[in-house]
Amino acid sequence: YATEIASRITSELKKGTDISTTTQLREVIESALQFIPANERKEAVKKSCQRSFQALRIDVNSEFEVLHEFLEKLPNVLA
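Attention in this report is confined to the structure presented alongside it.

Scoring rules and cut-offs
Residues numbered from 1 in each chain as written. Predicted model: local features only at pLDDT ≥ 70, side-chain atom pairs only at ≥ 80, totals over all residues. Heavy atoms only, no water. Helix = DSSP H or I, 4+ residues; strand = E, 2+ residues; numbered from the N terminus. Rg over C-alpha atoms; globule rule 2.2 N^0.38 Å. Polar contact = N/O pair within 3.5 Å; in protein donor to acceptor, adjacent residues only side chain to side chain. Contact = heavy atoms within 4.5 Å. Patch = residues over 30% accessible without salt bridge, like charges linked within 9 Å, V, L, I, M, F, W, Y side chains within 5 Å. Areas by Shrake-Rupley, 256 points an atom, 1.4 Å probe, with all protein chains shown as cover. Salt bridge = Lys/Arg side-chain N within 4 Å of Asp/Glu carboxyl O. Lys, Arg positive; Asp, Glu negative; His and termini not counted. Charge placed at Lys NZ, Arg CZ, Asp CG, Glu CD. Buried < 20%, exposed > 50% of the residue type's maximum accessible area, 1.4 Å probe, protein only. Expected span 1.5 Å × (residues − 1). Axes fitted to C-alpha atoms, helices over the stretch in contact; angles between N-to-C directions. Parallel < 35°, antiparallel > 145°, perpendicular 65-115°, else oblique. Left-handed = near helix turned anticlockwise from the far one by under 90°. Nonpolar A, V, L, I, M, F, W, Y, C, P; charged D, E, K, R; others polar.

**Considerations on the overall build of the protein**
No. 1: Summing up its helical and strand segments, the protein has four helices and zero strands in all.
No. 2: Secondary structure elements of the protein, listed N to C terminal, follow the sequence α-α-α-α.
No. 3: The C-alpha atoms of the protein give 17 Å as radius of gyration, which overshoots the globular expectation for 79 residues (12 Å, by more than 25%).
No. 4: Overall, the C-alpha framework of the protein stretches about 55 × 30 × 20 Å when taken along its three principal axes.

**Some words on the side chain of Glu12**
No. 1: With respect to the secondary-structure elements, Glu12 resides in helix α1 (residues 2–14).
No. 2: Polar contacts involving the side chain of Glu12 include one to the side chain of Lys15, which spans 3.2 Å.
No. 3: Excluding its chain neighbours within four sequence positions, the residues that come into contact with Glu12 are Thr17, Ile19 and Val28.

**Examining a positive patch on the surface**
No. 1: Judged by side-chain charge, Lys42, Lys46, Lys47 and Arg51 come together as a positively charged surface patch.
No. 2: The class of Lys46 is partly exposed, set by a relative accessible area of 46%.

**Here we look at α1**
No. 1: For α1, with 13 residues, the first-to-last C-alpha span of 18 Å sits near the 18 Å given by 1.5 Å per residue.
No. 2: At the exit of α1 stands Gly16, carrying a positive phi of roughly 90°.

**A look at the packing of helix α2 (residues 22–32) against helix α3 (residues 38–60)**
No. 1: For the pair α2 and α3, the least separation of the axes is 10 Å and the interaxial angle reads 130°. Classified by the interaxial angle, the pair formed by α2 and α3 is oblique. The chirality of how α2 crosses α3 is right-handed. Contacts from Thr22, Leu25, Arg26, Ile29 and Glu30 in α2 reach Val45, Ser48, Cys49, Ser52, Phe53 and Leu56 in α3.
No. 2: Here the residues of the contact of α2 with α3 sort into six nonpolar, three polar and two charged.

This is the structure in structure tokens:
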């Protein structure tokens, strides 16, 4: 549901909504997923939140850049 979540976040930010806490982000994600049937929504929101928070952590910690540097150095270390 990345497209739906990203669209809702963008829309909320354009309206001036403050999204500075995990609770606020969870509420935005939950509102973006209102189209999901009620009996499936709770699990979908939970998993979407987990993935969103993971993506933020990966970006904030520059994890892809660190992994790329490691992989570049790996052949020399193994040699």
